[in-house]
Amino acid sequence: MSDLLKVSFDSDGVTLAGNLYLPDQAGPAPGVVVAGTWTSVKELMADRYARRLAERGYAALSFDFTGFGESGGEPRDVENPARKIRDIHHALTFLAAHPAVDGDRLGALGICAAAMYMAGNAAGDPRVRSLALVAPWLHDAAICADAYGGAAAVAEKIKIGREARSRYDETGEVDYVPVVSATDPRAAMPYEIDFYLNPDRGGIPAWPNRFAVMAWPDWLTYDSIASAPRITQPTLLVHSEDAAIPDGARRFHAGLAGPKDLLWTEGTQFDFYDTEPQVSVAVDTVAAHFGRTLR
């Protein structure tokens, strides 16, 4: 069992909304900050993992990033790696100060794209004593070229993103396209993806399925592989050959400077968001990792 507290905290002058799941135990517990896929809100998968970690003895915080979900901030729904890394830093500050949390035992869990952001923060934040990444999307320029149709296609996305940013700076209007669509070729992911489109899974009212076009340059030029040599904390990756960009996970893992584990299991990328047995395999493995490294 676990208790849920609705919380809020400051991130560079913006109020962020979070869910703090507390274990049913006496005394301060080790704390874990949890975040999910790009464009996501906490209800998509971060809440699920945070709740399951609380059931295993951790105080787990899921939250909405600046401009997403219930959190403040403008413009809305802009994928900005640097801003998300700062939000994670402030989330850890809030968690460390909470009376139900042992501020000397802090971990970080990133699912999919949040793996990049959790890793980026951990590389410069010694308060993070342990890092876990589930179905991690970890990219650099070469991986982006492979994932988005080649260097020319990436350059075109960066171009239209910069044009959208200029329009926003001049008019205040944000150019949005769907995150996921099987019919709109402008979508960030122009595919039929059941997780995002199925209202019984991720297609929930809290998630607006919109991508700010001006986010392309920051997203496509972010190099998460480069952060690995600066990460000395014990780090776990849980991934599958059938999930997204396994080569990124291999290269990131190879570059880590500290103790590291890599569990290869089975399942597609989206299975790790809400499907059994993938979620239980991931949660059990992550909880065991934190149990070893947050003592």
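Scroll up for the structure.
Residues numbered from 1 in each chain as written. Predicted model: local features only at pLDDT ≥ 70, side-chain atom pairs only at ≥ 80, totals over all residues. Heavy atoms only, no water.

(A) Just the overall build of the chain, in detail. If you tally the helices and strands in the chain, you get 10 helices and 10 strands. Whereas a compact globule of 295 residues would reach a radius of gyration of roughly 19 Å, the chain reaches 18 Å, a difference of no more than 12%. Here the chain holds 295 residues, and the buried ones make up 57% of them. Look at the contacts in the chain between residues 6 or more apart in sequence, and 72% of them connect residues 24 or more apart. Accessible surface, the chain as shown: approximately 11,600 Å² in total, 52% of it carbon and sulfur. On the chain, the mean spot of the 27 positive side-chain charges and the mean spot of the 39 negative ones are 4 Å from each other. (Helix = DSSP H or I, 4+ residues; strand = E, 2+ residues; numbered from the N terminus. Rg over C-alpha atoms; globule rule 2.2 N^0.38 Å. Buried < 20%, exposed > 50% of the residue type's maximum accessible area, 1.4 Å probe, protein only. Contact = heavy atoms within 4.5 Å. Areas by Shrake-Rupley, 256 points an atom, 1.4 Å probe, with all protein chains shown as cover. Lys, Arg positive; Asp, Glu negative; His and termini not counted. Charge placed at Lys NZ, Arg CZ, Asp CG, Glu CD.)

(B) Region of the structure containing helix 10 (residues 278–293). Spanning 16 residues, helix 10 covers 22 Å between terminal C-alpha atoms, matching the ideal 22 Å at 1.5 Å per step. When we look at burial in helix 10, the residues that qualify are Gln 278, Val 279, Ala 282, Val 283, Val 286, Ala 287, His 289, Phe 290 and Thr 293. Looking straight down helix 10, one finds that the buried residues subtend no more than 160 degrees of arc, so they occupy a single side. The secondary structure elements touched by the buried residues of helix 10 are strand 3 (29–35), helix 1 (46–54), strand 5 (101–111), strand 6 (128–134), strand 9 (235–240) and helix 9 (271–274). (Expected span 1.5 Å × (residues − 1). Arc of directions from axis to C-beta.)

(C) Quick look at the nonpolar core. Grouped together as the largest cluster of nonpolar side chains are 105 residues, with contacts concentrated most on Val 34, Trp 38, Tyr 49, Leu 109, Val 134, Trp 219 and Phe 252. Here the element with the most residues in this core is helix 3 (residues 114–122); it accounts for seven residues. Residues contacting Trp 219, with those up to four places away along its chain left out, are Trp 38, Glu 79, Pro 81, Ala 113, Met 116, Tyr 117, Trp 137, His 139 and Tyr 148. (Core = buried A, V, L, I, M, F, W, Y, C linked by side-chain atoms within 4.5 Å.)

(D) Up close: the pattern of salt bridges. A complete count under the given rule lists 21 salt bridges for this structure. Taking the shortest distance from any N to any O, the salt bridge between Asp 64 and Lys 42 comes out at 2.6 Å. Of this pair, Asp 64 sits in the loop between strand 4 (59–63) and helix 2 (81–97) while Lys 42 sits in the loop between strand 3 and helix 1, and the two are 22 residues apart along the sequence. Here Arg 292 and Asp 261 are joined by a salt bridge, their closest N and O atoms 3.9 Å apart. With a gap of 31 residues between them, Arg 292 in helix 10 and Asp 261 in strand 10 (residues 260–265) connect regions that are remote in the sequence. Note on Asp 261: relative accessible area 39%, which makes it partly exposed. (Salt bridge = Lys/Arg side-chain N within 4 Å of Asp/Glu carboxyl O.)

(E) A look at the sheet that holds strand 4. Pairing is mixed in the open sheet, where eight strands are placed in the order 1-2-4-3-5-6-9-10. Unpaired on one side and paired on the other, strand 1 (2–11) and strand 10 mark the two borders of the sheet. Sheet twist, expressed as the mean angle between neighbouring strand axes with direction ignored, is 20 degrees. Sheet analysis places strand 2 (residues 14–23) next to strand 4, joined by four bridges and oriented antiparallel. What sits directly across from Leu 20, in strand 4, is Leu 61. Set on the sheet, helix 1 makes contact with strand 1, strand 2, strand 3, strand 4, strand 5 and strand 6; between it and strand 2 the angle comes to about 35 degrees. (Pairing = 2+ DSSP bridges. Axes fitted to C-alpha atoms, helices over the stretch in contact; angles between N-to-C directions.)

(F) Representation of unusual backbone geometry in the model. Residue Glu 74 is joined to Pro 75 through a cis peptide bond whose omega torsion reads -5 degrees. Considering the arrangement of structural elements, one finds Pro 75 in the loop between strand 4 and helix 2. Put simply, Glu 276 and Pro 277 share a cis peptide bond, and its omega is 10 degrees. Looking at where Pro 277 falls in the secondary structure, it is placed in the loop between helix 9 and helix 10. The backbone of Thr 39 sits at a positive phi, close to 65 degrees, despite the residue not being glycine. Checked against the element boundaries, Thr 39 lands in the loop between strand 3 and helix 1.

(G) Up close: the packing of helix 1 against helix 10. In the contact formed by helix 1 and helix 10, the axes pass within 10 Å of each other and the chain directions differ by 50 degrees. When the axes of helix 1 and helix 10 are compared, the pair comes out oblique. Judged by the sense of rotation from one axis to the other, the crossing of helix 1 with helix 10 is right-handed. Taken together, the residues of helix 10 that come into contact with helix 1 (itself represented by Arg 48, Tyr 49, Arg 52 and Leu 53) are Val 279, Ser 280, Ala 282, Val 283, Val 286 and Ala 287. A class-by-class count of the residues in the contact of helix 1 with helix 10 yields seven nonpolar, one polar and two charged. (Parallel < 35°, antiparallel > 145°, perpendicular 65-115°, else oblique. Left-handed = near helix turned anticlockwise from the far one by under 90°. Nonpolar A, V, L, I, M, F, W, Y, C, P; charged D, E, K, R; others polar.)

(H) View of the pairing of strand 2. Among the 10 residues of strand 2, nine are classified as buried, and the element is accordingly described as predominantly covered. Hairpin remark: strand 1 followed by strand 2, antiparallel, with two residues in the connecting loop; positive phi at Asp 12, about 55 degrees.

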